[in-house]
Amino acid sequence: MSSSDIFIGETIGTAVLILLGGGVCAAVTLKRSKAQNAGWLAVTFGWGFAVLTGAYLAGGVSGAHLNPAVTIGLAIEGGTAWGDVPLYLGAQLLGAMIGAVLVWLTYYGQFRAHLTDPEITGTQSGEEAMADRASAPEAGPVLGIFSTGPEIRNAVQNLVTEVIATVVLVLAILTQGLNNDGNGLGTLGALITALVVVGIGLSLGGPTGYAINPVRDLGPRIVHALLPLPNKGGSDWGYAWIPVVGPLIGGAIAGGLYNVAFA
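The numbering scheme is per chain: residues are counted from 1 as the chain's sequence reads. Totals for whole chains, interfaces and linings use every residue, but because this is a predicted model, local features are given only for residues with pLDDT of at least 70 and side-chain atom pairs only at 80 or more, for both listing and counting. Note: side-chain values were computed over all heavy atoms of the structure, leaving out hydrogens and water.

Caption draft 1: Representation of the overall build of the protein chain within the structure. What counts as a helix is a DSSP run of H or I of at least four residues, what counts as a strand is a run of E of at least two, and both are numbered from the N terminus. Along the protein chain, the regular secondary structure elements total twelve helices and zero strands. Reading the helices (α) and strands (β) of the protein chain from amino to carboxyl end gives α-α-α-α-α-α-α-α-α-α-α-α. For the protein chain, buried positions account for 47% of its 263 residues. At a minimum sequence separation of 6, the contacts of the protein chain that also span at least 24 residues come to 79%. Only the protein chains shown count as cover for residues, with accessible areas throughout obtained via the Shrake-Rupley method and a probe of 1.4 Å. By element, 64% of the accessible surface of the protein chain is carried by carbon and sulfur atoms, the whole surface being about 11600 Å². Whether a residue is buried, partly exposed or exposed follows from its accessible area with a 1.4 Å probe, protein chains only, as a fraction of its type maximum: under 20%, in between, or over 50%, in that order. In this analysis, two residues are considered to be in contact whenever any of their non-hydrogen atoms come within 4.5 Å of each other.

Caption draft 2: Structural context of helix α4 (residues 85-106). What a helix is expected to span follows from its residue count: subtract one and scale by 1.5 Å. In this model, α4 (22 residues) spans 31 Å end to end at C-alpha, consistent with the 32 Å of a helix rising 1.5 Å per residue. Of the residues making up α4, those classed as buried are Val85, Tyr88, Ala91, Gln92, Gly95, Ala96, Gly99, Ala100, Val103 and Trp104. Tucked inside the fold, the buried residues of α4 contact α1 (3-29), α2 (40-62), α3 (68-77), α5 (108-115), α8 (143-146) and α11 (214-226).

Caption draft 3: Just the packing of α3 against helix α9 (residues 155-174), in detail. Each axis is a line fitted through C-alpha atoms, and for a helix only the stretch in contact is used; angles between axes span 0 to 180 degrees, taken between their N-to-C directions. Where α3 meets α9, the closest approach of the two axes is 10 Å, and the angle between their N-to-C directions is 55°. Judged on the interaxial angle alone, α9 and α3 are oblique. As α3 runs across α9, the sense of the crossing is right-handed. Between α3, through Ala69, Val70, Gly73, Leu74 and Glu77, and α9, the contact on the second element is made entirely by Thr166, Val170, Ile173 and Leu174. Classifying every residue of the contact of α3 with α9 gives six nonpolar, two polar and one charged. Put simply, angles under 35 degrees are roughly parallel, angles over 145 are roughly antiparallel, angles from 65 to 115 are roughly perpendicular, and the rest are oblique. Handedness of a crossing is defined here by the sense of rotation of the near helix relative to the far one, left-handed for an anticlockwise turn of less than a right angle and right-handed for a clockwise turn. When residues are grouped by polarity, Ala, Val, Leu, Ile, Met, Phe, Trp, Tyr, Cys and Pro land in nonpolar, Asp, Glu, Lys and Arg in charged, and all others, Gly among them, in polar.

Caption draft 4: Highlighting unusual backbone geometry. Look at alanine 64: it is not a glycine, yet its phi comes out positive at around 60°. Here alanine 64 shows up in the loop between α2 and α3.

Caption draft 5: How the structure looks around the environment of glutamate 138. Among the secondary structure elements, glutamate 138 is positioned in the loop between α7 (126-135) and α8. What makes glutamate 138 partly exposed here is its relative accessible area of 46%. As for glutamate 138 and glycine 234, which are separated by 96 residues in sequence, their C-alpha atoms are 5.3 Å apart. Filtering out sequence-adjacent residues up to four positions away, glutamate 138 remains in contact with Gly234, Ser235, Asp236, Trp237 and Gly238.

Caption draft 6: Layout of the nonpolar core. Throughout, nonpolar core names a set of buried Ala, Val, Leu, Ile, Met, Phe, Trp, Tyr and Cys residues whose side chains join them through atoms within 4.5 Å. Membership of the largest hydrophobic core comes to 38 residues, with the highest contact counts inside it found for Trp47, Phe111, Val142, Ile145, Phe146 and Leu229. Every element with two or more residues in this core is listed here: α1, α2, α4, α5, α8, α9, α10 (187-204) and α11. For this core, the leading source of residues is α1, giving seven residues. Setting aside anything within four residues of it in sequence, one finds phenylalanine 146 in contact with Ala100, Phe111, Arg216, Asp217, Pro220, Val223, His224, Leu227 and Leu229. Counting eight residues, the second-largest nonpolar core is a separate cluster that includes Leu74, Val170, Leu171 and Ala254.

Caption draft 7: How the structure looks around the environment of serine 3. Structurally, serine 3 can be placed in helix α1. Taking relative accessible area as the criterion, serine 3 reaches 47% and is therefore assigned partly exposed.

Caption draft 8: Region of interest: the pattern of salt bridges. Any carboxyl oxygen of Asp or Glu within 4 Å of a side-chain nitrogen of Lys or Arg constitutes a salt bridge here. Per the counting criterion, the structure on display carries three salt bridges. For arginine 153, the salt bridge identified is with aspartate 236, shortest N-O distance 2.3 Å. You can see arginine 153 sitting in the loop between α8 and α9 and its partner aspartate 236 sitting in the loop between α11 and α12 (242-261), a full 83 residues away along the chain. On the basis of relative accessible area, arginine 153 is assigned to the partly exposed category, the value being 35%. Of the residues examined, aspartate 236 reaches a relative accessible area of 2% and is grouped as buried. A salt bridge links aspartate 217 to arginine 221; its shortest N-O distance comes to 2.7 Å.

Caption draft 9: Quick look at the packing of aromatic side chains. Ring pairs shown here join Phe, Tyr and Trp side chains whose ring centres sit within 6.5 Å, with only the six-membered ring taken for Trp; geometry is labelled stacked below 30 degrees between planes, edge-to-face above 60, and tilted in between. Per the counting criterion, the structure on display carries five aromatic pairs. Consider the rings of tryptophan 40 and tyrosine 210, whose centres lie 5.8 Å apart with planes at 70°: the pair is edge-to-face. A residue pair is termed long-range when its members are at least 10 positions apart, and tryptophan 40 in helix α2 and tyrosine 210 in the loop between α10 and α11 qualify at 170 residues.

Caption draft 10: Seen up close, the side chain of lysine 232. Tracing the sequence through the fold places lysine 232 in the loop between α11 and α12. Positive residues here are Lys and Arg, negative ones are Asp and Glu, while His and the chain termini are left out of the count. At 14 Å, glutamate 138 is the nearest oppositely charged side chain to lysine 232, a buried residue that forms no salt bridge. Two N or O atoms form a polar contact when they lie within 3.5 Å of each other; inside protein one atom must be a possible hydrogen donor and the other a possible acceptor, and for residues adjacent in sequence the pair counts only when both atoms belong to side chains. Engagement of the side chain of lysine 232 in a polar contact is seen with the backbone oxygen of leucine 227, the distance being 2.8 Å. Among residues more than four places away in sequence, those in contact with lysine 232 are Leu115, Gly140, Pro141, His224, Ala225, Leu226 and Leu227.

Structure, rendered in structure tokens:
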């Protein structure tokens, strides 16, 4: 595939992934949204459908990596040329930022209603406000729409959680088609990957919110820092390295495991 195929496919596919994934987070979080408080099941299935849609759109153009951890795993496995890796990663980051901006535009009124509500901007009960500051001292009230954050802040545990979850994701992708003479599964592979993402969210997403994708977290976090959102609070840059480094390590481990156990 050409460089333009990679750039266009990864940018569009990742933008749609973040639009739909960030969109479900906005839907369940923001006041005046019809889906407010829909819960974790809605989030996990929403992200699964986001992966399915993005992968289906980009699969025939760029291969639909949509995730630097997947790209690194495929490069180690041998399915992607190392020379193409920077292009994949750059397009994925750009697409993630575009998708985050589209979430803001889609929910513009809800963002304003949410962030100008006295309950959100500082008149919570003392006990509730103290709990919020203890769990996410540098995170603003809508950062969770854009990026992930841990329920318990422990850098080692948080990093290990992201590594483990990403190994599951990337290894599941790399092993697709082993029962089909190594020819892959075509569009069926996108469905399987989406279901794997739902499973990871349900089973492994509780501790950190399961970034499992560096640009899924970093791109929207950058957008959160730049957008003119009233009372948006901090972007929690002290935590931001974990959902970047953890998935990259997990992708590399999955690529190595594939070469040892399956190749």
